[in-house]
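What the coordinates show
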Amino acid sequence: MDIEFHYYLTYSIATRAGFSPLDARILAYSSQYVDNNSTVFKIDEGKNSEYFNHITQTFNILKSKNELLKIYPVFHFIPGDPFALSARRKDGQRHFLNTTPNNVSANRIIDDALASKNLYRIGIASHSYVDTWAHQNFVGYYDEFNAVKGMLRSALPHVGHADVKRYPDWPALIWHDYRLISPHDKVNNKLRFLDAAKHLFYKYCFYLEGVDPRDRREKDALELVRDLDRAIGNYDPKNRHRRDRIQRYLALSEQKIYGKEQIPLYNKYLWLERAVTRSENEFGDRKKGLFSSLTTFKAPYFWRENYQQSHWYQFQEAAKNQQKAAWNILYETKFRYLDIPQYYSSHSSKHNDYAKI
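Residues numbered from 1 in each chain as written. Predicted model: local features only at pLDDT ≥ 70, side-chain atom pairs only at ≥ 80, totals over all residues. Heavy atoms only, no water.

Unoccupied space between atoms shows up once a probe the size of one water molecule is rolled over them. Estimates place the volume of the largest pocket at around 490 Å³. Taken together, 24 residues form the lining of the largest pocket, with Gln 57, Phe 59, His 161, Arg 166 and Asp 169 sitting closest to its centre. Ranked by the residues each element gives to the lining of the largest pocket, the list is headed by helix H2 (residues 21-36), at three residues. Broken down by class, the residue content of the lining of the largest pocket amounts to eight nonpolar, nine polar and seven charged. (1 Å grid on protein atoms, 1.4 Å probe; cavity = no way out; pocket = protein on both sides within 12 Å on 5 of 7 lines; lining within 4 Å. Points joined across faces, edges and corners; volume = space filled by probe spheres on them. Helix = DSSP H or I, 4+ residues; strand = E, 2+ residues; numbered from the N terminus. Nonpolar A, V, L, I, M, F, W, Y, C, P; charged D, E, K, R; others polar.)

If you want it as C-alpha cells, here you go:
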C-alpha cells in the first residue's frame, strides 16, 4: 500500500472508529511516515543530546539479508501462514516467511502496539498490519520465492514485490500474480484494501471501547467500506487518477462521521522540520525544501527547542520500541526456527488479547 491507504484512508478509518481528528492525524501520519523514514540522521553530534534514529524503510534492496530482516518483515512483510489457501501456487512452493493477510503474528504485533496506548506506535503497527493484505505472497528479503517470471521482471532483484513493481500498492488496480493458482492469480487490489480497512476499523473500535465491536458496529463497518469503495472509484490500470481520489478522500474527511475536519495534505518533511535544524542558530533553515536533498545525511543537524515533545522525536522513539516488540514476536513465532539471531532482549510487555478480528 502507499500514501492513499496509509495516510488518507487510515485517517478516515480512525475517525469513523471514534478517534478525534487530532489523534487520527497522528495515527495516519505515523502510518505513512513508516515509508518515508528512510534516512539515518545524526543529530547534535558530540553533545550529550546526540541522537540517531532507526529507519523503517529502505530503498536500497541490496542491503544484506540481516539488515533487510530488521526492516521489511517487521514493518512491511509480516510473515504468516504458508499453508493459507490464498498462498497456493502453481509450482506447489511454500515459504515459512511468506506474508499472508491478517495472520497471527500481524495480529499480535498490532495488539501489542494498541496495548501500549502510544498513538505513534499504533500508527506504525497499522501500516504493518494492513500491508499483510497488499504484500501477501511475498517475502521481505532476497528469495527466489518472490520471482515473477517475465522478460523484464526476471532481471530485477527478487526482494519483496520488486518483480511486480508498485502494482500491489495501487488501490484501484486489477493485476495478475501468475505464480498463484486460480482464482487467486487475478488480484483485485480494491477488494484487498477494503477488507484490510474493515479489519483495521474493528481493531480501532476494540481499542477505544474495550469490547468486541464486530456485532455492535457491523453497520458502521459496512458503511465505511461503502464510502471507501466510492472514494477509491473505478479501475485505474495506470494509476493516473490518484489526484482525483485524494480529492475524494479530502471530501470524505469533511463529513461529520469522519471528523468534520479536512485532513491536511501530506507533507513528509513536516514533522522533521519542526524538530530538527541544520544550523545551531536556526537562521534561514525554515525555507521550503530544507530536507529535500537526497544527501541530507551528510550535513550536520541539531535539535530545536523542546524537541522531545515533537512529533518526529516521539515517532522515532515509538519506531524503536515497535521494532523491538515486533522482532521479539517474530522471533518467537518464526525466526528462531530458522536460526536467525535474536538481536533484542526478550520482550516482556503485557498486552490485551484483541484476538484475530
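Within the largest apolar cluster, 99 residues are counted, with the highest numbers of intra-cluster contacts made by Phe 5, Tyr 8, Ile 13, Tyr 204, Trp 303 and Trp 312. When residues in this core are grouped by element, the largest group, 10 residues, is from helix H7 (residues 189-209). Those residues in contact with Ile 13 that lie beyond four places of it in its chain are Phe 5, Ala 197, Leu 200, Phe 201, Tyr 204, Leu 224 and Leu 228. (Core = buried A, V, L, I, M, F, W, Y, C linked by side-chain atoms within 4.5 Å. Buried < 20%, exposed > 50% of the residue type's maximum accessible area, 1.4 Å probe, protein only. Contact = heavy atoms within 4.5 Å.)

This paragraph deals with the pattern of salt bridges. For the structure shown, the criterion picks out 22 salt bridges. Between Glu 261 and Arg 25 there is a salt bridge, with its nearest N and O atoms 3.3 Å apart. Taken together, the residues span a long stretch of sequence, with Glu 261 in the loop between helix H9 (242-253) and helix H10 (270-275) and Arg 25 in helix H2 at a distance of 236 residues. Residue class for Glu 261 comes out partly exposed when judged on its relative accessible area of 38%. One salt bridge in this structure joins Glu 332 and Arg 108, with 3.3 Å as the shortest N-O distance. Of this pair, Glu 332 sits in helix H11 (residues 311-333) while Arg 108 sits in helix H5 (residues 104-116), and the two are 224 residues apart along the sequence. In this structure Glu 332 comes out as partly exposed when scored by relative accessible area, which is 41%. (Salt bridge = Lys/Arg side-chain N within 4 Å of Asp/Glu carboxyl O.)

A word on the packing of aromatic side chains. Evaluated as defined, the whole model comprises 28 aromatic pairs. Aromatic side chains Tyr 51 and Tyr 313 sit 5.4 Å apart centroid to centroid with 50° between the ring planes, which places their arrangement in the tilted category. You can see Tyr 51 sitting in strand E2 (residues 51-52) and its partner Tyr 313 sitting in helix H11, a full 262 residues away along the chain. With relative accessibility at 9%, the residue Tyr 51 sits in the buried group. Members of the aromatic cluster, joined through ring pairs, are Tyr 7, Tyr 8, Tyr 29, Tyr 33, Tyr 120, Tyr 249, Tyr 266, Trp 271 and Phe 315. Positioned above the aromatic ring of Tyr 343, the side-chain terminus of Lys 70 is 4.2 Å from the ring centre. Residue placement shows Arg 89 over the ring face of Phe 145; its charged tip is 4.2 Å from the ring centre. (Phe/Tyr/Trp six-rings, centres within 6.5 Å; stacked < 30°, edge-to-face > 60°. Lys NZ or Arg CZ within 6 Å of the ring centre and 35° of its normal.)

For the protein, the average pLDDT comes to 91, and 89% of its residues sit at 70 or higher. Scored below 50 in pLDDT, residues 283-288 shows eight contacts in the model against residues more than four places distant or in partner chains. Contacts for the low-pLDDT stretch residues 293-297, under 50 throughout, to residues beyond four places or in other chains number six contacts. (pLDDT = per-residue confidence, 0-100.)

Before going further, it helps to spend a moment on the environment of Leu 252. Relative to the helices and strands, Leu 252 resides in helix H9. A relative accessible area of 5% means that Leu 252 is categorised as buried. Filtering out sequence-adjacent residues up to four positions away, Leu 252 remains in contact with Ser 12, Asp 227, Leu 228 and Tyr 258.

Of note, the bond from Ser 182 into Pro 183 is cis; its omega dihedral lies within 30 degrees of zero at 5°. Along the chain, the position of Pro 183 falls in the loop between strand E3 (174-176) and strand E4 (186-188). At Lys 117, a residue that is not glycine, the phi angle is positive and equals roughly 60°. Here Lys 117 shows up in the loop between H5 and helix H6 (119-134). Positive phi outside glycine occurs at Asn 137, with the angle close to 75°. Note that Asn 137 resides in the loop between H6 and E3. Exposure remark for Asn 137: the relative accessible area of 1% places this residue in the buried category.

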